[in-house]
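# Structural characterization, general
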Amino acid sequence: MNQQERHSVFSLAFLYATRMLGLFMVLPVFILYGDGYEGATPELLGFAMGAYGLSQALFQIPFGAMSDRVGRKPMIFLGLAIFALGSILAATSEHIYGVIAGRFLQGAGAIASVIMALLSDLTSDGSRTKAMAIIGMSIGLSFSLALVLGPIVAEGFGLSGIFWVTAMLALIAGVWLLIKVPSPTHLNRNRDAALFRDQLSAVLKDSQLMRLDIGIFALHMALTAIFIAVPLSLVNDAGLAKESHWWVYFLVLVLSFFAMVPFILIAEKRQKMKPVFCAAIALLVFSALAMIGLRHSALGFCLALFLFFMGFNLLEASLPSLVSKLCPAGGKGTAMGVYSTYQFLGAFCGGVAGGAVLANFGPAGVYILVSVLSGLWLIIALSMQAPQHQSTMSLNFSNLMDDQITLLSRELISVRGVEDVVVVPQGAAYLKILPHELDERALEEVRLRFAT
């Protein structure tokens with residue numbers, strides 16, 4: 001990446017992480033402090049936790065589509081404003097229904113797809129994978145920081161304090177967008193990063209991608225549900241005071257992060273993605289069951305929580321990579337749009353189901369729910385094809401006529417090591433390749449013939 005791209009990427013990463021920090025801070029404390037709201041029940045508290053996921057899923061695609069018409073930064077400003085209003089509504093509400101409305105409004109500022117589109121506008125094809133990785137790392141860091149800060153802020157200022165902090169973070173993000181995030185001098189309509197109708201059908205019919213979409217749904221359903229039960233178990237069963245929870249999350253997250261790194265390297269370097277992936281899901285099953293038996297021991301329960309987050313971190317890092325490997329050439333944006341929708345729906349369903357199970361069966365019932373859900377996912381994942389070691393690349397040409405598009409597509413797919421090709425009239429070809437088998441000389445000859 002050049003200097004301008006680095007500035008753009010890190011500016012957007014800070015913007016994204018700042019917004020997500022506020023959303024994540026609620027997770028470890030909402031069930032502990034939420035019973036102070038008028039009309040609160042476990043079911044309604046769970047619904048409130050997941051409400052933002054429902055609105056996120058509903059508004060991701062509309063926000064992305066509108067940004068193509070009115071511009072990226074105006075839609076991000078609008079999304080941050082809606083997010084701030086939702087935070088203020090939740091902060092000032094004394095009834096649980098007001099908090100639910102605030103959480104839904106928070107999610108309605110669905111700017112994730114717009115930020116990714118702006119990232120695409122501000123980076124070149126060759127830098128985009130690194131840029132996406134940096135954004136992903138920033139989200140992971142904000143999640144870890146939020147689990148530590150959430151209990152600290154809630155202990156001093158309650159849930160309303162967290163929502164006020166969230167509103168302030170939205171304001172900071174808006175100022176940052178204004179003064180730090182560059183505006184693209186031209187819009188790079190990159191097919192690989194946008195949602196295209198002609199790719200949607202292929203993505204939805206792809207059984208391998210659907211397994212991954214179900215996976216991210218299950219993972220975030222499990223995450224939201226587990227945080228409905230874990231804080232209560234730490235207080236009522238393990239005997240840890242609410243103000244001590246921050247260091248539990250800190251130690252668990254830091255240790256689980258370092259523990260997962262060797263397995264990520266094994267998966268990528270030694271081509272063992274499927275075995276590592278399935279083992280991580282099995283770890284979710286085992287850790288959720290272990291929480292039932294170990295919840296009366298502070299040390300034992302923290303160990304089970306460590307195993308859960310080790311599996312979670314592995315899967316959270318692996319799933320986007322697998323989507324990128326398995327999606328059709330030129331269809332990454334569409335595949336990620338569908339993937340994100342399933343992710344947010346999972347968060348919503350996790351809150352609703354977790355709250356209902358907690359009300360009827362207690363924390364142990366929630367852990368059983370998570371283990372059964374993860375077990376069903378494991379069965380689906382075992383039938384997944386092991387992904388090949390593929391990469392994506394793009395080639396640029398002058399505007400192409402219909403007959404040239406057909407001829408270019410045939411010549412590109414005939415090159416050894418090229419697995420999939422999409423050519424668009426605007427003058428771009430998107431390829432999925434096997435790097436170690438690619439005939440680079442033949443590919444360059446095709447490029448030169450059509451470049452003139």
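We now examine the confidence of the model for the protein. For the protein, the average pLDDT comes to 85, and 90% of its residues sit at 70 or higher. Confidence, read as mean pLDDT per element, is least for helix α8 (residues 197-205) in the protein (69) and greatest for helix α5 (residues 96-108) (95).

Further remarks concern the nonpolar core. In this structure, Phe30, Phe143, Phe227, Phe277, Phe309 and Trp377 are the most contacted members of the largest nonpolar core, which totals 127 residues. Apart from residues no more than four positions distant in its own chain, phenylalanine 277 is found in contact with Leu212, Leu315, Ser318, Leu319, Leu322, Trp377, Ala381 and Met384. Of all hydrophobic cores here, the second largest spans 17 residues; its members include Leu412, Val421, Ala429 and Leu431.

Its 13 residues place the ends of α5 18 Å apart at the C-alpha level, agreeing with the 18 Å of an ideal helix rising 1.5 Å per residue. For α5, the full list of buried residues reads Ile96, Gly98, Val99, Ile100, Gly102, Arg103, Gln106, Gly107 and Ala108.

In this structure, leucine 358 sits in helix α13 (residues 332-382). Among the residues examined, leucine 358 registers a relative accessible area of 11% and is labelled buried. Along the backbone, leucine 358 and alanine 229 are 129 residues apart, and their C-alpha atoms lie at a distance of 7.2 Å. Non-local contacts of leucine 358, meaning those with residues more than four positions away in its chain, are made with Ile31, Pro42, Ile228, Leu232, Pro363 and Val366.

Another aspect to go through is the packing of helix α1 (residues 3-25) against helix α4 (residues 72-92). At their nearest, the axes of α1 and α4 sit 12 Å apart, and the two run at 20 degrees to each other. Relative to α4, the element α1 lies roughly parallel. The chirality of how α1 crosses α4 is left-handed. Of the residues in α4, those in contact with Leu15, Arg19 and Leu23 of α1 are Ile76, Leu80 and Phe83. A breakdown of the residues in the contact of α1 with α4 according to their chemical character gives 5 nonpolar, no polar and 1 charged.

On the surface, a cluster of nonpolar side chains totalling about 1,000 Å² of accessible area is made up of Ile152, Trp246, Trp247, Phe250, Leu251, Val254, Leu255, Phe257, Phe258, Val261 and Leu265. If you tally residues by element for the nonpolar patch, the top one is helix α10 (residues 245-269), at 10 residues. For tryptophan 247, the location among the structural elements is in helix α10. For tryptophan 247, a relative accessible area of 35% puts it in the partly exposed group.

Below, the discussion takes up the packing of aromatic side chains. In the structure shown here, the tally under the stated rule is 12 aromatic pairs. Relative to phenylalanine 309, the ring of phenylalanine 143 lies with its centre 6.3 Å away and its plane at 50 degrees, an arrangement referred to as tilted. Of the two residues, phenylalanine 143 is situated in helix α7 (residues 125-179) and phenylalanine 309 in helix α12 (residues 298-326); the sequence distance between them amounts to 166 residues. Phenylalanine 143 sits in the buried class, given a relative accessible area of 7%. With relative accessibility at 0%, the residue phenylalanine 309 sits in the buried group. Consider the rings of phenylalanine 309 and phenylalanine 312, whose centres lie 6.3 Å apart with planes at 80 degrees: the pair is edge-to-face. One end of the pair, phenylalanine 309, and the other, phenylalanine 312, are both in helix α12, 3 residues apart, so they sit about a helical turn from each other. An aromatic cluster is built from Phe24, Phe143, Phe227, Tyr249, Phe308, Phe309 and Phe312, whose rings are joined through pairwise contacts.

Before going further, it helps to spend a moment on the pattern of salt bridges. If you walk through the whole model with that rule in mind, you get 3 salt bridges. Where aspartate 237 meets arginine 295, a salt bridge forms, and the shortest distance between an N and an O atom there is 3.4 Å. Of this pair, aspartate 237 sits in helix α9 (residues 207-237) while arginine 295 sits in the loop between α11 (273-294) and α12; the two residues are 58 residues apart in sequence, bridging distant segments of the chain.

In this section: the packing of α4 against α5. The geometry of α4 relative to α5 is characterised by a closest axis approach of 7 Å and an angle of 165 degrees between their N-to-C directions. The pairing of α4 with α5 is recorded here as roughly antiparallel in orientation. Along this stretch, α4 crosses α5, giving a crossing that reads as left-handed. In this structure, α4 contributes Ile82, Phe83, Leu85, Gly86, Ser87, Leu89 and Ala90 to the contact, and α5 contributes Gly98, Val99, Ala101, Gly102, Leu105, Gln106 and Ala108. Residues of the contact of α4 with α5, tallied by class, amount to 9 nonpolar, 5 polar and no charged.

The rules behind the values
Residues numbered from 1 in each chain as written. Predicted model: local features only at pLDDT ≥ 70, side-chain atom pairs only at ≥ 80, totals over all residues. Heavy atoms only, no water. pLDDT = per-residue confidence, 0-100. Helix = DSSP H or I, 4+ residues; strand = E, 2+ residues; numbered from the N terminus. Core = buried A, V, L, I, M, F, W, Y, C linked by side-chain atoms within 4.5 Å. Buried < 20%, exposed > 50% of the residue type's maximum accessible area, 1.4 Å probe, protein only. Contact = heavy atoms within 4.5 Å. Expected span 1.5 Å × (residues − 1). Axes fitted to C-alpha atoms, helices over the stretch in contact; angles between N-to-C directions. Parallel < 35°, antiparallel > 145°, perpendicular 65-115°, else oblique. Left-handed = near helix turned anticlockwise from the far one by under 90°. Nonpolar A, V, L, I, M, F, W, Y, C, P; charged D, E, K, R; others polar. Patch = residues over 30% accessible without salt bridge, like charges linked within 9 Å, V, L, I, M, F, W, Y side chains within 5 Å. Areas by Shrake-Rupley, 256 points an atom, 1.4 Å probe, with all protein chains shown as cover. Salt bridge = Lys/Arg side-chain N within 4 Å of Asp/Glu carboxyl O. Phe/Tyr/Trp six-rings, centres within 6.5 Å; stacked < 30°, edge-to-face > 60°.

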